[in-house]
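# Per-entry structural report
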Amino acid sequence: MEVKILSAKFDIEDSHRLEVAKKHGAYGTLEKLFAMDPADVIEEVKNSGLRGRGGAGFPAGVKWGFLPKDLDKPIYLAVNSDESEPATFKDRYILVRDPHMMIEGIIICCYAIGSHDSYIYIRGEYTSQLKILQEAIDEAYEAGYLGEQVAGHDFRLDVTVHRGAGAYVCGEETALLESIEGKKGQPRSKPPFPAVVGLYDCPTIINNVQSIASLPFIIEKGAEAYRAYGTEKSAGTHLFGISGHVEKPGMYELPLGLPLMEVLNEVAGGVWKGRQLKGVIPGGSSTPVLTPEEAHTVTLDYESMAEHKTMFGSGGIVVLDETVDIVKLVENLIAFYHHESCGQCTPCREGLGWMLKIIRKFIAGDGREDDIELLLELCDNIEMKTVCVLSAACTMPVRSYLEKFRHEFESYINSSNSDPVQSQAE
Ligand SMILES: Cc1cc2nc3c(=O)[nH]c(=O)nc-3n(C[C@H](O)[C@H](O)[C@H](O)COP(=O)(O)O)c2cc1C
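Residues numbered from 1 in each chain as written. Predicted model: local features only at pLDDT ≥ 70, side-chain atom pairs only at ≥ 80, totals over all residues. Heavy atoms only, no water.

## Focus: the overall build of the chain
Looking only at helices and strands, one finds 20 helices and eight strands in the chain. Projecting the C-alpha coordinates of the chain onto the three principal axes gives extents of approximately 80 × 45 × 35 Å. Every one of the 426 residues in the chain was classed for burial, and the buried ones make up 58%. Within the chain, counting contacts between residues at least 6 apart in sequence, those at least 24 apart form 71% of the total. As presented, the chain carries roughly 17,600 Å² of accessible surface, and 51% of it is formed by carbon and sulfur atoms. Averaging the locations of the 41 positively and 63 negatively charged side chains of the chain gives two centres separated by 2 Å. (Helix = DSSP H or I, 4+ residues; strand = E, 2+ residues; numbered from the N terminus. Buried < 20%, exposed > 50% of the residue type's maximum accessible area, 1.4 Å probe, protein only. Contact = heavy atoms within 4.5 Å. Areas by Shrake-Rupley, 256 points an atom, 1.4 Å probe, with all protein chains shown as cover. Lys, Arg positive; Asp, Glu negative; His and termini not counted. Charge placed at Lys NZ, Arg CZ, Asp CG, Glu CD.)

This is the structure we're talking about:
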């Protein structure tokens, strides 16, 4: 089931070093690239069906096409390397095991969109990854793959690494831009979208590390070769981080469209210790949970996830076995998003705090029957009433746990608390 496109060099010793990466094909697309017209590069990426791998799945080539034409302003590329979504650990493999594949992808993207300045926004906690990435960039400059004349062509490209300070919200594309500009990392209202008004008020493309790293294969082998993997609407391969209660957790590159349970059983060794499956988080903590029945019918692609009223997300799959206490899981989830709220919008800042207080009431044995409805009502009142979707990244999964595992919340309700009049009187 596993394929090796993005991960082709991951197991090669010292694959992060230019010399080794070059022996295995790094920067091999550049001659072909510079012989192409930038518009044709965009067309090729559009035809490949590559969708953004940062979570939202927006088609990469289509996004590039939104850049205004003939504007007398610089165009920027910002590579989103924040990777802070719990259960997501794919981009770090690229940063550490094949940074030159990403740098080559940056060259391809910048050439296509007419950008000469790219930023890589890396999460603050990635200290060892930052060191390896910076060394790779330095090597690329020394070898002439970056700088005044990329690979001897009349094309300047500078790449600057910007280190975050450990805020999840800075993975949101406009908070990321604010942070690069040296401001507080708080999302901007959209529209205008960054492709029109982005970094320093200039047109900016923001793409995830994996989206960018997918480009060398597309340019080298062509859109059709990429489309040979995956489904019609979910083309290509994806790096899946599988964690939780499985026998063989890890990072696996797979074509999109495979049945989830086949992947869990045949690639990740099945639920550990012979236990029963309770649920699966399909694509990072912000994606609604799947019940075992749903897990048996879903396939790993954007369409099937949407049909199952969840999201493909970041490809961070978490397996939950029968011993998982869903109420405590939800407490953990809300605590994370509450902590990471930037505080700009009242429904997110206050609402997630209220949700945390209520869930902790359950855990303390003070939950009441109507608290379940209260939590659902809070989800309704928070969602889509904020500048960004950080709060929805919390309420959407919480709603799914409340709806699909309601009995677990009810089991926490102390019967003496179920009469609100009585418990208020106490
Ligand atoms: C709260 C929040 C956190 C996000 N964190 C990340 C992240 O860590 N990495 C990422 O690539 N995208 C993240 N995103 C998505 C980005 O806003 C954006 O959609 C993405 O970087 C675009 O790249 P893509 O089209 O290549 O996926 C986040 C979004 C939100 C709302």
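## Quick look at the site of the ligand
Lining the immediate surroundings of the ligand are 17 residues, of which Gly54, Asn80, Asn207, Asn208 and Ser211 lie closest. Contacts to the ligand include Ser211, whose side-chain N or O atom sits 2.6 Å from an oxygen atom. Looking at the shell around the ligand residue by residue, the classes come out as three nonpolar, eight polar and six charged. (Near = heavy atom within 4 Å. Polar contact = N/O pair within 3.5 Å; in protein donor to acceptor, adjacent residues only side chain to side chain. Nonpolar A, V, L, I, M, F, W, Y, C, P; charged D, E, K, R; others polar.)

## A word on helix α16 (residues 346-363)
Helix length check: α16, at 18 residues, gives a terminal C-alpha distance of 26 Å against a target of 26 Å (1.5 Å per residue), a fit within 8%. Of the positions making up α16, those classed as buried are Cys348, Gly351, Leu352, Gly353, Met355, Leu356, Ile358, Ile359 and Phe362. In this structure, the buried residues of α16 make contact with α15 (326-340), α17 (369-382), α18 (390-404) and α19 (406-410). Gly365 lies just past α16 and shows a positive phi near 85°. (Expected span 1.5 Å × (residues − 1).)

## Comments concerning the pattern of salt bridges
Counted according to the given criterion, the structure contains 27 salt bridges. We note a salt bridge from Glu181 to Lys183, for which the minimum N-O separation is 2.6 Å. Glu410 is paired through a salt bridge with Arg406; the nearest N and O atoms lie 3.1 Å apart. Pair noted here: Glu410 and Arg406 are both in helix α19, with a separation of four residues, about one helical turn. One connected set of salt bridges, linked through shared partners, spans Glu178, Glu181, Lys183 and Arg188. (Salt bridge = Lys/Arg side-chain N within 4 Å of Asp/Glu carboxyl O.)

## Some thoughts on the environment of Gly351
Summarising the element assignment, Gly351 is placed in helix α16. As for Gly351 and Leu375, which are separated by 24 residues in sequence, their C-alpha atoms are 9.8 Å apart.

## Section: the sheet that holds strand β7 (residues 277-281)
Spatial strand order, β6-β5-β8-β7: four strands in an open sheet with mixed pairing. The sheet is open, and its two edges are formed by β6 (250-255) and β7, each paired on a single side. Adjacent strand axes in the sheet meet at a mean angle of 25° when their direction is disregarded. Bridging between strand β5 (residues 237-244) and β6 involves six bridges; their strand directions are antiparallel. Following the sheet pairing, Gly241 is matched in β6 by Met251. (Pairing = 2+ DSSP bridges. Axes fitted to C-alpha atoms, helices over the stretch in contact; angles between N-to-C directions.)

## Observations regarding the domain arrangement of the chain
Splitting the chain by domain gives domain 1 (18-227), domain 2 (237-321) and domain 3 (326-417). At the interface, 15 residues of domain 1 touch 18 residues of domain 2. Contact between domain 1 and domain 2 buries roughly 1,300 Å² in total, counting both sides, with carbon and sulfur atoms accounting for 58%. Our enumeration of links across domain 1 and domain 2 arrives at zero salt bridges. Here domain 1 and domain 2 share seven residue pairs in polar contact (both at pLDDT 80 or more) between them. (Domains from an automatic or database assignment. Buried area = accessible area lost by both parts, 1.4 Å probe.)

## Observations concerning the packing of helix α3 (residues 38-48) against helix α6 (residues 99-113)
Contact pair α3 / α6: the axes reach a minimum separation of 7 Å and the direction vectors enclose 120°. Relative to α6, the element α3 lies oblique. The interaxial crossing formed by α3 with α6 has left-handed handedness. When α3 is examined against α6, the residues Pro38, Val41 and Ile42 are found in contact with a partner set consisting of Ile108, Tyr111 and Ala112. When grouped by side-chain class, the residues that make up the contact of α3 with α6 number six nonpolar, no polar and no charged. (Parallel < 35°, antiparallel > 145°, perpendicular 65-115°, else oblique. Left-handed = near helix turned anticlockwise from the far one by under 90°.)

## Describing the sheet that holds strand β2 (residues 117-122)
A sheet is described by the order of its strands in space; here four strands give the open sequence β3-β2-β1-β4, paired in parallel fashion. Each edge of the open sheet carries a strand with a single partner, namely β3 (158-163) and β4 (204-208). Sheet twist, expressed as the mean angle between neighbouring strand axes with direction ignored, is 20°. By the bridge criterion, five bridges tie strand β1 (residues 76-81) to β4 in an arrangement that is parallel. By the bridge assignment for β4, Tyr76 is matched with Thr204. Across the face of the sheet, α6 comes into contact with β1, β2, β3 and β4 while running at roughly 150° to β1. Across the sheet, helix α7 (residues 127-142) lies against β2 and β3, angled at about 165° from β3, the strand it touches most.

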